[in-house]
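Listed here are the chains, written in short residue letters.
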Amino acid sequence: MVATRFAGKSTASLRAWTQRRILPLALGAILGIPLLMPAGGAAAQEATPRPATAQAVSSGGAVVLMYHRFGEDSLPSTNVRLAQFEAHLDELASGGYRVLPLPEIVAALEEGRPLPDRAVAITVDDGALSVYREAWPRLRARNLPFTVFVSSEPLDRKLPGYLSWDQLREMVAAGGVSVGNHGHRHNHMTMLDADAQRRNIEKASLRLFAELGAAPEIFAYPYGEISAELRATVSEQGFTAAFGQHSGAIGGMTDRLALPRFPINEAYGDMDRFRLVANTLPLPVREITPADPFLRSVAQNPPSFGFTVAGDIEDLSNLNCFARDGEPALTRFDNRIELRLAGPLPAGRARINCTLRTEDGRWRWFGTQFVVTDQAVQ
């Protein structure tokens, strides 16, 4: 199925959405002019975390796994070996986890419903051909649902090594496969202005609507790169959830337009790590600073990173945080955590991860990915 904002809508409402959003975009493409949609349409909403409750803090939350390619050994940074992948699926199917469709997890967050312990979702970004040839048969054999976040341009151009629209339709029609928006062009969207961001997302919605009959309501940021401006653009498009590539588990307090996923590849695909991340719990946080993870100038780098831990959980004196250059200086004021890095973050993508061990040996995990421009390191 398509993870769509159209579920349960009448034919008239679908036609109205098409006339309001898809047809103007198509007209703009024909005329060669960018027609921009009005911000904050009827479907748009600000997908913010719900207020903390005892259950939201203590519940198991969900872990979302992110893959790209399968058995493509020439691309180890985005590939997982088939033996690794089969071991992961055997672990998930062993009975200790609840592998759920990603839209079901999003719906639970939307409605404030608790998620089952050890809830896991499987996602695949970009739409490489090995999803169809290698991943899908193995997932289907184990009756495990998954979501493909598709960038539509490679499919339109029929690029070698990528899915075709027919193959994507075949997977969706067979059941257990949902589709998310990954932009039309797989580019660094934080580097684009808001109009270009909107056109990129709208073009993907147009193509997915045309090929699959519905436009997805979930989005994945290319490269996991998020900025405050891009998040606002995604919100204006009416998505109910959006996913990055920063590590961590999802809980009731997690920003639904900056949801974490654990990237899996050859280097980070061994079974010890897989079991660790699959059993991860959310670290409930609020009041995260800086509000924008996009660092544009040297004045912003290194960032003054901080957050407040919500609720009554484990002893925060055991909290550990790590950055690329090691362990930053950590200061705690009751439940407020402030980190000071040893030096500027390097250009590109940089992560900070904070973990807290629970009494039963599992880990609470909160991660952030910063996007650092060249101007921020000069």
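Here we summarise the structure given alongside this text. (Residues numbered from 1 in each chain as written. Predicted model: local features only at pLDDT ≥ 70, side-chain atom pairs only at ≥ 80, totals over all residues. Heavy atoms only, no water.)

### Remarks on the pattern of salt bridges
If you walk through the whole model with that rule in mind, you get 25 salt bridges. Between D125 and R261 there is a salt bridge, with its nearest N and O atoms 2.8 Å apart. Within this pair, whereas D125 is found in strand β5 (residues 119-126), its partner R261 is found in the loop between β9 (241-243) and β10 (262-263), the two being separated by 136 residues in sequence. Taking relative accessible area as the criterion, R261 reaches 0% and is therefore assigned buried. D255 is the salt-bridge partner of R231, the closest N and O atoms lying 2.9 Å from each other. Taken together, the residues R231 in helix α9 (residues 228-236) and D255 in the loop between β9 and β10 connect sequence positions 24 residues apart. When its relative accessible area of 22% is taken as the criterion, D255 is described as partly exposed. Residues joined by salt bridges that share partners form a network here, namely D156, D166, R169, R207 and E211. (Salt bridge = Lys/Arg side-chain N within 4 Å of Asp/Glu carboxyl O. Helix = DSSP H or I, 4+ residues; strand = E, 2+ residues; numbered from the N terminus. Buried < 20%, exposed > 50% of the residue type's maximum accessible area, 1.4 Å probe, protein only.)

### Topic: the pairing of strand β7 (residues 177-181)
Burial runs high along β7: five of the five residues are buried. Both faces of β7 are covered, namely the face carrying V177, V179 and N181 and the face carrying S178 and G180. Direction of pairing for strand β6 (residues 146-150) relative to β7: parallel, over a ladder of five bridges. By the bridge assignment for β7, V148 is matched with V179. (Pairing = 2+ DSSP bridges.)

### Some remarks on the state of the cysteines
By the definition in use, this model includes one disulfide. Note on cysteine connectivity: C321 is disulfide-linked to C354, with sulfurs 2.1 Å apart. With the S-S bond torsion at 115 degrees, the cross-link from C321 to C354 turns out right-handed. Of this pair, C321 sits in strand β15 (residues 320-322) while C354 sits in strand β18 (residues 348-357); the two residues are 33 residues apart in sequence, bridging distant segments of the chain. (Disulfide = S-S within 2.5 Å.)

### A word on the sheet that holds strand β17 (residues 336-340)
One open sheet accounts for four strands, arranged β12-β14-β17-β16; its pairing is antiparallel. Bordering the open sheet on either side are β12 (285-289) and β16 (329-333), each of which pairs with just one other strand. Strand-to-strand twist across the sheet, computed as the mean angle between neighbouring axes with direction ignored, equals 20 degrees. Relative to β17, strand β14 (residues 305-309) runs antiparallel, the two being bridged by four bridges. Residue pairing across strands places F305 opposite L339, the latter belonging to β17. (Axes fitted to C-alpha atoms, helices over the stretch in contact; angles between N-to-C directions.)

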